Amino acid sequence: MTNILISGGSVAGATLAYWLRTYGLNPTVVERAPSLREGGYKIDIRGAALDVIDRMELKDEVRRHSTDMQIARFVDAKGKQVGTMSAQLFGGREGDDVEIMRGDLAQLLYAATKDDVEYIFDESITALRETPEGVQVTFESGHQRMFDLVVGADGLHSNVRALTFGEESQFLHHLGHYISIFTVPNHLHLDRTEMMHPAAGRSVGMYSTRQSTDAKALFLFSSPPLTYDRRDVAQQKKLLAEIFADQGWDVPRLLDAMGNAPDFYLDSISQVRMDQWSSGRVALVGDAAYGPSPASGQGTSLALVGAYVLAGSLATAGSDHAAAFAAYEREMRHFVEENQKLAASNLKGMVLKSAAQIRFQMLMLRLMPHLPGKNRMIERVTEPIRKAATAIKIKDYRAPIA
Ligand SMILES: Cc1cc2nc3c(=O)[nH]c(=O)nc-3n(C[C@H](O)[C@H](O)[C@H](O)COP(=O)(O)OP(=O)(O)OC[C@H]3O[C@@H](n4cnc5c(N)ncnc54)[C@H](O)[C@@H]3O)c2cc1C
């Protein structure tokens, strides 16, 4: 049986483990976190990724955990409402598309795999040495094990990518913006509501889903690459507080709450672009290989579809892993490119450049319900996302082994 080590137990890692297991291969997942993190932020599942979820018989469970967001309200610096939008349109969703908390999705995927797959938590790979028989893996704990193949499903700052392909700066393309998100008390008593306060070059939001008594604060800002220590959270909080120091609405309160936030996250909005997603016996999947950035809204869907296609390619190619990795790339490349393209145009609407642009956007929001061409305008938002999300038709791979 082919033994495959997967680094990362989130969306891509657990989905890959599920399908490898289904095809009779033997995955092991190593996850750096001591346990699966709950909550996180809202993510979308659309198009071909819904097919993958359906084939895993998780569609009803995923839908049961849907955030059920209702409305997005835009406010000015004084907190006055200046426009509204349905939550569906705000998230670029339509039809069957689902929004779910990332932690909930990760839990569902873990529950679907934990009984058949070995998970090793609180551990990380420190070295990979390829031999003709396989890959010798050394872990942080000092343990060593042989695997036939290794897959990096360890996210934007992938460890396996760094060990195999080198410095991440070669592959991470900064899209000119940063994102920060963290949990705050739901002091506005939001119920399935998004609040957005746009300012020139900077947007602040707050939302709460039906499962949560807490809320999330979301900060977006334009900036060239910044230099800071990615492990120094206190330094990053200070940076964010400085950038948003003079912003109105509830921003001072959100920045106050940031001090106690247990899950503070700040990162550049960057895309992973690589010419190849495998080298020898090592391959990458999900954000590690082709993270399209949070601005695309399609990272989760790419991770789900990529894991399905990679597992299917490995099952079909038997012991010829090179053929499997080549098939995976062939199958996925166009789909990835189409979805990566969404990020730049989405960003233009997420962080507006000037006060005049913000006034115009708010005016359009107020007028839209009364405009004769409103359906066409809505189409213009959702159509490119729908096209990208369905730019692959997933195959049936080998029949599952009973
Ligand atoms: C703020 C924000 C908002 C987002 N919004 C959306 C959205 O609206 N829609 C959408 O589709 N996507 C969104 N995304 C992107 C989405 O979260 C990712 O594209 C998706 O989670 C990718 O899944 P993944 O499994 O490839 O990587 P990840 O979910 O990042 O998982 C990587 C896993 O690897 C683990 N790991 C990391 N390093 C190691 C190591 N050294 N050893 C072992 N394990 C390791 C991590 O702990 C984690 O469990 C957003 C992302 C962010 C940050």
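Small disclaimer: the values here were computed from a predicted structure and weren't measured.

A. Spotlight on the site of the ligand. Taken together, 31 residues form the shell around the ligand, and within it Ser-10, Glu-31, Arg-37, Arg-102 and Asp-287 come nearest. With respect to the ligand, the side chain of Tyr-41 contributes an N or O atom lying 3.0 Å from an oxygen atom. Here Lys-42 contributes a backbone N or O atom positioned 3.4 Å from an oxygen atom of the ligand. If the ligand stood free it would expose 990 Å²; the protein chains cover 91% of that surface. When contributions to the shell around the ligand are tallied by element, the ones reaching two or more residues are helix H1 (11-22), strand S2 (26-31), strand S3 (42-45), strand S12 (172-185) and helix H10 (299-317). Grouping the amino acids of the shell around the ligand by side-chain chemistry returns eleven nonpolar, eleven polar and nine charged.

B. Geometry of the sheet that holds strand S18 (residues 282-284). Spatial ordering of the open sheet is given by S7-S2-S1-S11-S18-S17, a layout of six strands whose pairing is mixed. Where the open sheet ends on each side, the last strands, each with one partner, are strand S7 (118-121) and strand S17 (278-279). Across three bridges, the pairing between strand S11 (residues 149-152) and S18 is parallel. Bridge pairing in S18 links Gly-152 to Leu-284.

C. Inspection of the sheet that holds strand S15 (residues 214-222) at higher detail. The strand order S5-S4-S13-S14-S15-S12-S16 describes an open sheet built from seven strands, whose pairing is mixed. The open sheet has two free edges, formed respectively by strand S5 (81-86) and strand S16 (265-272), since each of these has just one partner strand. Strand-to-strand twist in this sheet, taken as the mean axis angle between neighbours without regard to direction, amounts to 20°. Sheet topology places strand S13 (residues 193-199) next to strand S14 (residues 202-208); seven bridges connect them, and they run antiparallel. Counterpart to Thr-193 in the pairing with S14 is Ser-208.

Criteria and cut-off values
Residues numbered from 1 in each chain as written. Predicted model: local features only at pLDDT ≥ 70, side-chain atom pairs only at ≥ 80, totals over all residues. Heavy atoms only, no water. Near = heavy atom within 4 Å. Polar contact = N/O pair within 3.5 Å; in protein donor to acceptor, adjacent residues only side chain to side chain. Areas by Shrake-Rupley, 256 points an atom, 1.4 Å probe, with all protein chains shown as cover. Helix = DSSP H or I, 4+ residues; strand = E, 2+ residues; numbered from the N terminus. Nonpolar A, V, L, I, M, F, W, Y, C, P; charged D, E, K, R; others polar. Pairing = 2+ DSSP bridges. Axes fitted to C-alpha atoms, helices over the stretch in contact; angles between N-to-C directions.

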